Amino acid sequence: MSRFFSKAFVIALVIVGLYGVTRAQETENIIRPNTKAGSAAWVFTFGGLSSLGVNAVELASLTVPGETSTTVDVYGAGYKYYLSDDMALRALLGFSTTSSGDEAKAGKTTMTNWGIAAGIEMHTHAVYSTSPYFGAQIGYTSASGDFKQTPSGGQTSETKGSGSAFSIGVLAGFDWYFTRGIAVGGEYMLGFSSLSSSTTVTAAGTSTTTDNPSASTIGISAGDVHLVVHF
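Anyway, here's the lowdown on the structure attached to this text.

About the cut-offs
- Once a new chain begins, its residue numbering starts again from 1 and follows that chain's sequence as written.
- With the structure being a predicted model, the display of local features is reserved for residues of pLDDT at least 70 and the display and counting of side-chain atom pairs for 80 or more, all residues being used for whole-chain, interface and lining totals.
- In computing side-chain values, all of the structure's heavy atoms are included and hydrogens and water are not.
- Each helix is a run of H or I in the DSSP string that is no shorter than four residues. Each strand is a run of E no shorter than two, and both are numbered from the N terminus.
- Throughout, exposure labels follow a simple rule: accessible area from a 1.4 Å probe, protein chains only, divided by the maximum for the residue type, with under 20% read as buried, over 50% as exposed, and the rest as partly exposed.
- In protein, a polar contact requires one atom able to donate a hydrogen and another able to accept it; more generally it is a pair of N or O atoms within 3.5 Å, and residues adjacent in sequence count only if both atoms are side-chain atoms.
- Residue contacts are defined here by distance: any two heavy atoms, one from each residue, within 4.5 Å place the two residues in contact.
- Candidates for patches are residues over 30% relative accessible area with no salt bridge; among them, like charges are joined within 9 Å and nonpolar side chains (Val, Leu, Ile, Met, Phe, Trp, Tyr) within 5 Å.
- In these tables, accessible area is a Shrake-Rupley quantity obtained with a 1.4 Å probe, and a residue counts as shielded only by the protein chains included in the view.
- Salt bridges are defined as contacts in which a side-chain nitrogen from Lys or Arg sits within 4 Å of a carboxyl oxygen from Asp or Glu.
- What we call a nonpolar core is a set of buried Ala, Val, Leu, Ile, Met, Phe, Trp, Tyr and Cys residues that are connected through their side-chain atoms within 4.5 Å.

**A closer look at the side chain of serine 129**
Looking at the secondary structure, you find serine 129 in the loop between β6 (107–123) and β7 (130–149). Among the residues examined, serine 129 registers a relative accessible area of 13% and is labelled buried. At 2.9 Å, the side chain of serine 129 forms a polar contact with the backbone oxygen of isoleucine 31. When sequence neighbours within four positions are dropped, the list of residues in contact with serine 129 reads Ile30, Ile31, Pro33, Asp175, Trp176 and Tyr177.

**Notes on the side chain of serine 193**
Counting through the fold element by element, serine 193 comes out in strand β9 (residues 182–203). A polar contact is formed between the side chain of serine 193 and the side chain of threonine 217, at a distance of 2.6 Å. Here serine 193 is in contact with Phe166, Ser167, Ala215, Ser216 and Thr217, once residues within four sequence places are set aside.

**Looking at the environment of serine 214**
With respect to the helices and strands, serine 214 occurs in the loop between β10 (206–211) and β11 (215–230). Residue classification places serine 214 among the exposed residues on the basis of a relative accessible area of 55%. A sequence separation of 49 residues divides serine 214 from alanine 165, and the C-alpha atoms of the two residues are 9.8 Å apart. With residues near it in sequence (within four places) discarded, serine 214 still touches Leu195 and Ser196.

**Side note on a nonpolar patch on the surface**
A contiguous nonpolar surface patch, about 990 Å² in accessible area, is contributed by Leu93, Phe95, Trp114, Ile116, Ile138, Tyr140, Phe166, Ile168, Phe192 and Ile218. Put simply, the parts of the chain that give the nonpolar patch at least two residues each are β5 (87–102), β6, β7 and β8 (157–179). With respect to the helices and strands, the residue phenylalanine 166 is situated in strand β8.

**Some remarks on the nonpolar core**
One finds Ala60, Leu62, Val64, Val72, Val74, Met111, Ala143 and Ala165 forming the largest nonpolar core, which totals eight residues. Those elements that place two or more of their residues in this core are β3 (57–64) and β4 (70–84). Excluding its chain neighbours within four sequence positions, the residues that come into contact with valine 74 are Val57, Glu58, Leu59, Ala60, Asn113, Trp114, Gly115 and Thr141.

Take a look at the structure:
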């Protein structure tokens, strides 16, 4: 009977030892999140999972009044830097300007958009290759449009529209490192945003400015799937 228990005990030790070696190898193969002080990364968003398109980070979506109300998506570069282990500051900065049309014919339209946002991420204890985090962010975005038309031999008419948005919120998300230095993740933001806009019409030597009703919202203001690339 004692020999039976001795053999059983040895077999149990072998099984436990093999399990320990296997677990150790699995742990060694796990890609640890890169959240150490001094780490820096660019952040991109996926424009659509079906095509896996990678885009710049969206700062806000604004409505610019004018000849017709135009919805403008403001995009920028996303960047984050780890000030200390598991604590990162992040910044978003965007600017774009476009011009189309002919002032002497159907009219010329010019659009200028810019935005800035800053936030902080606090990364919690890593779960294997995944780094969950929470934090906060504040941002301001502005978009303006100008429509000008000067018919042959006629007077110039111009319509200007502008819109701006202020936002502040708390966020939660995760980064999953599927390889060293590159992670995919998801994020939701719960916050407050305030939007305002105005329209200015100039014609026949007179100018009229109208302040449009402002709007405020509280809720889940943003959700994205993103790509983090360390450098």
